[in-house]
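Below are the chains, spelled out letter by letter.
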Amino acid sequence: METLTPEILVVSVPRDRPGGLPDPESFVSSIRIQQTGADRMAEDYIYDPRTLNPMVAGLAAGSVGAIAASLISLPVASPNDTVANPLTVSVVAMLIGVLSGFVWRRVRATTNGARTFVIAMVAGLLVVLSTLAIIEWTAGGGWFTYTALVAGVIFLSVTLLTPVISRAVAPIWAAMIPVVLAAVVALGLFVG
């Protein structure tokens with residue numbers, strides 16, 4: 001088993017101030033972590049603390065997916081109006097969005113992080129579709145048609161939008177706008 005040992009290189013360029021102490025603003029630090037194996041840092045990844053948290057970005061992406069899935073599912077016959085309705089679709093979409101944000105947070109800085117993220121989201125969709133096929137096979141009732149459509153829209157939106165929204169330099173309240181809109185649409189379609 002190969003042991004990963006990070007190398008940290010810190011370079012400082014001090015300027016002398018009165019009293020012989022270096023100016024704290026003049027320190028230039030360059031930290032480079034060199035690793036081998038799957039956890040190697042991506043060469044093109046740069047962390048920007050002004051961007052949105054990936055889980056918040058996932059929540060916003062899931063909210064966009066919730067709006068789209070709620071509207072697309074209207075013409076499709078729901079197998080059970082108590083369980084499969086726009087309100088539950090929106091809640092599940094937001095939870096999937098938060099989970100996609102967590103996955104993106106873990107893989108974004110790794111080599112091939114975007115590809116790994118897409119593979120993880122496709123795997124999640126396949127698990128959901130397999131579970132729905134088993135439910136349809138054992139219980140019947142038209143669950144697969146309704147839920148496969150909804151799950152496809154949700155997973156497509158979070159896969160495409162989570163990385164994009166997480167790179168946005170915006171205040172957190174801007175990411176909450178789709179969440180509020182998804183809640184309004186879901187409640188409006190549920191009540192109406």
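Residues numbered from 1 in each chain as written. Predicted model: local features only at pLDDT ≥ 70, side-chain atom pairs only at ≥ 80, totals over all residues. Heavy atoms only, no water.

### Remarks on the overall build of the chain
Piece 1. For the chain, the count of helices and strands is five helices and zero strands.
Piece 2. Counting from the amino terminus, helix and strand elements in the chain follow one another as α-α-α-α-α.
Piece 3. Counting across all 192 residues of the chain, residues that qualify as buried make up 31%.
Piece 4. Considering only contacts within the chain whose residues lie at least 6 apart along the sequence, 76% involve residues at least 24 apart.
Piece 5. Of the roughly 12,000 Å² of accessible surface on the chain, 68% is carried by carbon and sulfur atoms. (Helix = DSSP H or I, 4+ residues; strand = E, 2+ residues; numbered from the N terminus. Buried < 20%, exposed > 50% of the residue type's maximum accessible area, 1.4 Å probe, protein only. Contact = heavy atoms within 4.5 Å. Areas by Shrake-Rupley, 256 points an atom, 1.4 Å probe, with all protein chains shown as cover.)

### What about the nonpolar core?
Piece 1. By size, the foremost hydrophobic cluster in this structure holds 28 residues, and its most contacted members are Ala69, Val89, Val150, Ile154 and Ile165.
Piece 2. Of all the secondary structure elements, the ones that give two or more residues to this core are α1 (54–72), α2 (86–107), α3 (113–139), α4 (143–166) and α5 (172–191).
Piece 3. Of the residues forming this core, the biggest block, eight residues, is contributed by α4. (Core = buried A, V, L, I, M, F, W, Y, C linked by side-chain atoms within 4.5 Å.)

### Describing the confidence of the model for the chain
Piece 1. When pLDDT is averaged along the chain, the result is 81; 76% of the residues meet or exceed 70.
Piece 2. Between residues 8–14, whose pLDDT stays under 50, and residues either more than four places distant or in other chains, the model counts 18 contacts.
Piece 3. In the predicted structure, residues 26–39 sits below a pLDDT of 50 and forms 30 contacts with residues beyond four places in sequence or in another chain. (pLDDT = per-residue confidence, 0-100.)

### Points about α2
Piece 1. Counted at 1.5 Å a residue, the expected span for α2 with its 22 residues is 32 Å, and the 31 Å between its end C-alpha atoms agrees.
Piece 2. Those residues of α2 that sit buried are Pro86, Val89, Ser90, Ala93, Met94, Ile96, Gly97, Ser100, Gly101, Trp104 and Val107. Projected down its long axis, α2 shows its buried positions confined to an angular sector of 165°, all on one face. Residues of α2 that are exposed and angled more than 90 degrees away from the buried face: Leu95, Leu99 and Arg106.
Piece 3. Buried residues along α2 sit in contact with α1, α3, α4 and α5.
Piece 4. You can read the cap of α2 off the contacts: a side-chain oxygen lies 3.0 Å from the backbone nitrogen of Leu87, and it is on Asn85. (Expected span 1.5 Å × (residues − 1). Arc of directions from axis to C-beta. Polar contact = N/O pair within 3.5 Å; in protein donor to acceptor, adjacent residues only side chain to side chain.)

### Focus on unusual backbone geometry
Piece 1. Even without a glycine there, the phi angle at Asn112 is positive, about 60°.
Piece 2. By secondary structure assignment, the location of Asn112 is in the loop between α2 and α3.
Piece 3. With relative accessibility at 42%, the residue Asn112 sits in the partly exposed group.

### Describing the environment of Ala175
Piece 1. Locating Ala175 in the fold gives a position in helix α5.
Piece 2. Separated by 117 residues in the primary sequence, Ala175 and Gly58 place their C-alpha atoms 9.5 Å from one another.
Piece 3. Residue contacts for Ala175: discarding those within four places in its chain leaves Leu52, Val56 and Ala60.

### Comments concerning α5
Piece 1. Compared with the 28 Å implied by 1.5 Å per residue over 20 residues, the 29 Å span of α5 between its first and last C-alpha is a close match.
Piece 2. Listed as buried for α5 are Ala175, Pro178, Val179, Ala182 and Ala186.
Piece 3. Buried residues along α5 sit in contact with α1 and α2.

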